[in-house]
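Structural overview for review
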Amino acid sequence: MDLGSQEQGLACEAGTGACPGTTVCAYTGPGDEGLCRPACINGTCSNGQTCCTQPSGAPYCNSFCY
């Protein structure tokens with residue numbers, strides 16, 4: 001695994017898009033592999049990050065939205 005993807009977080013499980021714990025799969029673009037990010041609960045992120053919505057999938061928290 002290259003360092004770039006490791007810094008962003010765990011990759012979602014191939015095929016299912018599953019993520020461990022309460023994290024959700026954030027897709028970086030059409031057809032791209034997703035990365036597991038903290039879930040955005042009720043439009044807020046506990047760590048001061050931005051709540052990002054995505055066309056297919058649950059809202060997630062990140063320092064920037066893809």
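These remarks concern the structure in this document. The model shown is predicted, which means the values in this text are computed figures rather than measured ones. Throughout, residues of each chain are indexed from 1 in the direction in which the sequence is written. Residues qualify for local features only when their pLDDT is at least 70, as the model is predicted, and side-chain atom pairs are given and counted only at 80 or more; totals for whole chains, interfaces and linings, by contrast, use all residues. Excluding hydrogens and water, the side-chain values take into account all heavy atoms of the structure.

**Quick notes on the side chain of Q54**
Labels follow the DSSP assignment, with helices taken as runs of H or I lasting at least four residues and strands as runs of E lasting at least two, numbered in each case from the N terminus. Within the fold, Q54 resides in the loop between β3 (50-52) and β4 (60-62). Among the residues examined, Q54 registers a relative accessible area of 13% and is labelled buried. At a separation of 2.7 Å, a polar atom in the side chain of Q54 contacts the main-chain carbonyl oxygen of C25. Relative accessible area decides the class of each residue, using a 1.4 Å probe on protein chains only: under 20% of the type maximum gives buried, over 50% gives exposed, and in between gives partly exposed. Think of a polar contact as two N or O atoms within 3.5 Å of one another; within protein, one of them needs to be a possible hydrogen donor and the other a possible acceptor, and neighboring residues in sequence only count if both atoms come from side chains.

**Things to note about the nonpolar core**
With five residues, the main nonpolar core is built from V24, A26, A39, C52 and Y60. Contacts are assigned to residue pairs that have any heavy atoms within 4.5 Å of one another. Setting aside residues up to four positions removed in sequence, A39 forms contacts with T22, T23, V24, P59, Y60 and C61. We call a set of buried residues a nonpolar core when its members are Ala, Val, Leu, Ile, Met, Phe, Trp, Tyr or Cys and they connect through side-chain atoms within 4.5 Å of each other.

**Brief notes about unusual backbone geometry**
In this structure, N42 is a non-glycine residue whose phi angle is positive, near 55°. Topologically, N42 is positioned in the loop between β2 (34-38) and β3. N42 sits in the exposed class, given a relative accessible area of 77%.

**So, the state of the cysteines**
By disulfide we mean two sulfur atoms from cysteines, separated by a distance within 2.5 Å. Overall, the coordinates contain five disulfides when judged by the stated rule. Note that C12 is cross-linked by a disulfide to C25, the S-S spacing being 1.9 Å. On the sign convention where negative means left-handed, the S-S torsion of about 110° between C12 and C25 marks this disulfide as right-handed. Within this pair, whereas C12 is found in the loop between α1 (3-8) and β1 (23-27), its partner C25 is found in strand β1, the two being separated by 13 residues in sequence. Taken individually, C12 and C25 each receive the classification buried, so the pair is uniform in this respect. At a sulfur-sulfur separation of 2.1 Å, the disulfide partner of C19 is C36.

Remember that the coordinates give geometry; whether it matters functionally is a separate question.
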